[in-house]
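# Residue-level structural notes
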Amino acid sequence: MDNPKDNELSIVLPVFNEEDVIERTIREIEAYTLRFIGKAEIIAVNDGSTDGTAKVLDRLSRTLPNLKVVTHEQNRGYGGALYSGIKAVSSHWMLLMDPDGQFHIDSLNEIWPHRHDHEVLLGYRQKRGDNLYRVALGRLSNTILNSFLSRHINDLDCGFKIFKSDLIREVPLSSRGGAINFEIIHYLLRKFPSIKIYQYPVRHYPRETGKAKGGTPKKILRMAFEGLRIVFRTRG
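We now turn to the structure provided with this report.

### Here we look at the overall build of the protein
Helix and strand counts for the protein stand at eight helices and seven strands. Taking 2.2 N^0.38 as the reference for a compact globule, 236 residues should give roughly 18 Å; the C-alpha atoms of the protein span a radius of gyration of 17 Å, in line with that estimate. Taking the principal axes of its C-alpha atoms as reference, the protein extends roughly 50 × 50 × 30 Å. For the protein, the residues scored as buried account for 52% of the 236 residues in total.

Structure, rendered in structure tokens:
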């Protein structure tokens, strides 16, 4: 007999200064989940935005019953936003999704059925919609962080990942920066060596509005050092 909770999904959106695109992203998710997902909630974490993001989220929350808004008065970083969103999840599955318009929710079409045979579903950007500079830095970051893992992950920083929620609740998250993606995978591979992971290509679109927050040499270096800290902290 199928578990009805297996059709539940929480979508966690870490939001910082996405006034121009966040309404479209949330409305696309709302329309998609109402049609294709049994039970869904959208968790938007406003991470101390300084533009009009808060007003947009407040207005949407008044009309969309499936939208839950978590507010940080000050910016806590990408990892801090994901951390708060993860804590607010109530569904059996969670999708961690970047809300900047470079990922679309319809990537779930080919992915969602694979949850029956896997515990983790990791997207990788089939063709990155970024300039060559950001693509090169992303590959460098992925190579460095993969050297610390027992299994190769195609795209650690891809902003489209699905997990069984109970698994993520096991992770003692400490990262408040971009290394949170590495921290989650590193911990899961250590604690559950035979965990079933499905890696799948997702479409990645050019950013139409706003400014990219990651992908600078300084942030790549910081992620690498933070990854090392996580590895040594969890040894033994």
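### Focus on helix α3 (residues 77–88)
Between its first and last C-alpha, α3 extends 17 Å over twelve residues, near the 16 Å set by a 1.5 Å rise per residue. Among the twelve residues in α3, nine count as buried, and that is most of the element. Buried residues of α3: Gly77, Gly79, Gly80, Ala81, Leu82, Ser84, Gly85, Ile86 and Ala88, and no others. Check the buried side of α3 and you find it contacts β1 (8–15), β2 (39–47), β3 (67–72), β4 (93–97), α6 (165–169) and α7 (180–191).

### Thoughts on the packing of α3 against α7
Helix-helix packing is described using two parameters, namely the angle between the two axes and the distance between the axes. Their axes nearest at 9 Å, the elements α3 and α7 cross at an angle of 55 degrees. Judged by the inter-axis angle, α3 sits oblique to α7. Residue-level inspection shows Tyr78, Gly79, Leu82, Tyr83 and Ile86 of α3 in contact with α7, the latter providing Ile180, Asn181 and Ile184. Along the lines of polarity and charge, the residues of the contact of α3 with α7 split into six nonpolar, two polar and no charged.

### Let's talk about the sheet that holds β3
An order of β3-β2-β1-β4-β6-β5-β7 is seen for the seven strands of this open sheet, with the pairing classed as mixed. Unpaired on one side and paired on the other, β3 and β7 (197–202) mark the two borders of the sheet. Taken over all neighbouring pairs, the strand axes of this sheet differ in orientation by 20 degrees on average, direction set aside. With four bridges connecting them, β1 and β4 associate as parallel partners. Paired with Leu9 across the bridge in β4 is Trp93. Those strands touched by α7 are β4, β5 (120–125), β6 (160–164) and β7, and its axis lies near 35 degrees from that of β6.

### Describing the pattern of salt bridges
The tally for this structure, following the rule as stated, stands at ten salt bridges. Salt-bridge contacts for Arg59 lead to Glu23; the nearest nitrogen and oxygen are separated by 2.9 Å. Taken together, the positions of Arg59 in helix α2 (residues 53–61) and Glu23 in helix α1 (residues 22–36) put the pair 36 residues apart, joining distant regions of the chain. You can call Arg59 partly exposed: its relative accessible area is 40%.

### Comments concerning the packing of α1 against α2
The contact between α1 and α2 brings their axes to 10 Å, and the two run at 30 degrees. The orientation of α1 with respect to α2, classified from their angle, is roughly parallel. The way α1 lies across α2 gives a crossing that is right-handed. Together, Ile22, Glu23, Ile26 and Arg27 of α1 and Val56, Leu57, Arg59 and Leu60 of α2 make up the contact between the two elements.

### Let's talk about α1
Taking 1.5 Å of rise per residue, 15 residues should cover 21 Å, and α1 covers 21 Å from first to last C-alpha, within 8% of that figure. Along α1, the residues classified as buried are Ile22, Thr25, Ile26, Ile29, Glu30, Tyr32 and Thr33. Its buried side turned inward, α1 meets β1, β2, α2, β3, β4 and α4 (108–111).

### A short note on the nonpolar core
Within soluble globular proteins, side chains that are nonpolar generally end up buried alongside one another. Within the largest apolar cluster, 34 residues are counted, with the highest numbers of intra-cluster contacts made by Leu96, Val120, Phe163, Ile184, Ile185 and Leu188. Looking at this core, the elements with two or more residues in it are β2, α3, β4, β5, α6, α7 and α8 (217–233). Per element, the largest residue contribution to this core is seven residues, and it comes from α7. Those residues in contact with Leu96 that sit more than four places away from it in its chain are Val12, Leu82, Ile86, Gly159, Phe160, Lys161, Phe163 and Ile184.

### Quick look at the environment of Asp117
Its place among the elements puts Asp117 in the loop between α4 and β5. We classify Asp117 as exposed; its relative accessible area is 52%. Each C-alpha atom of the pair Asp117 and Ser10 lies 19 Å from the other, and the pair is 107 residues apart in sequence.

The rules behind these values
- Residues numbered from 1 in each chain as written.
- Predicted model: local features only at pLDDT ≥ 70, side-chain atom pairs only at ≥ 80, totals over all residues.
- Heavy atoms only, no water.
- Helix = DSSP H or I, 4+ residues; strand = E, 2+ residues; numbered from the N terminus.
- Rg over C-alpha atoms; globule rule 2.2 N^0.38 Å.
- Buried < 20%, exposed > 50% of the residue type's maximum accessible area, 1.4 Å probe, protein only.
- Expected span 1.5 Å × (residues − 1).
- Contact = heavy atoms within 4.5 Å.
- Axes fitted to C-alpha atoms, helices over the stretch in contact; angles between N-to-C directions.
- Parallel < 35°, antiparallel > 145°, perpendicular 65-115°, else oblique.
- Nonpolar A, V, L, I, M, F, W, Y, C, P; charged D, E, K, R; others polar.
- Pairing = 2+ DSSP bridges.
- Salt bridge = Lys/Arg side-chain N within 4 Å of Asp/Glu carboxyl O.
- Left-handed = near helix turned anticlockwise from the far one by under 90°.
- Core = buried A, V, L, I, M, F, W, Y, C linked by side-chain atoms within 4.5 Å.

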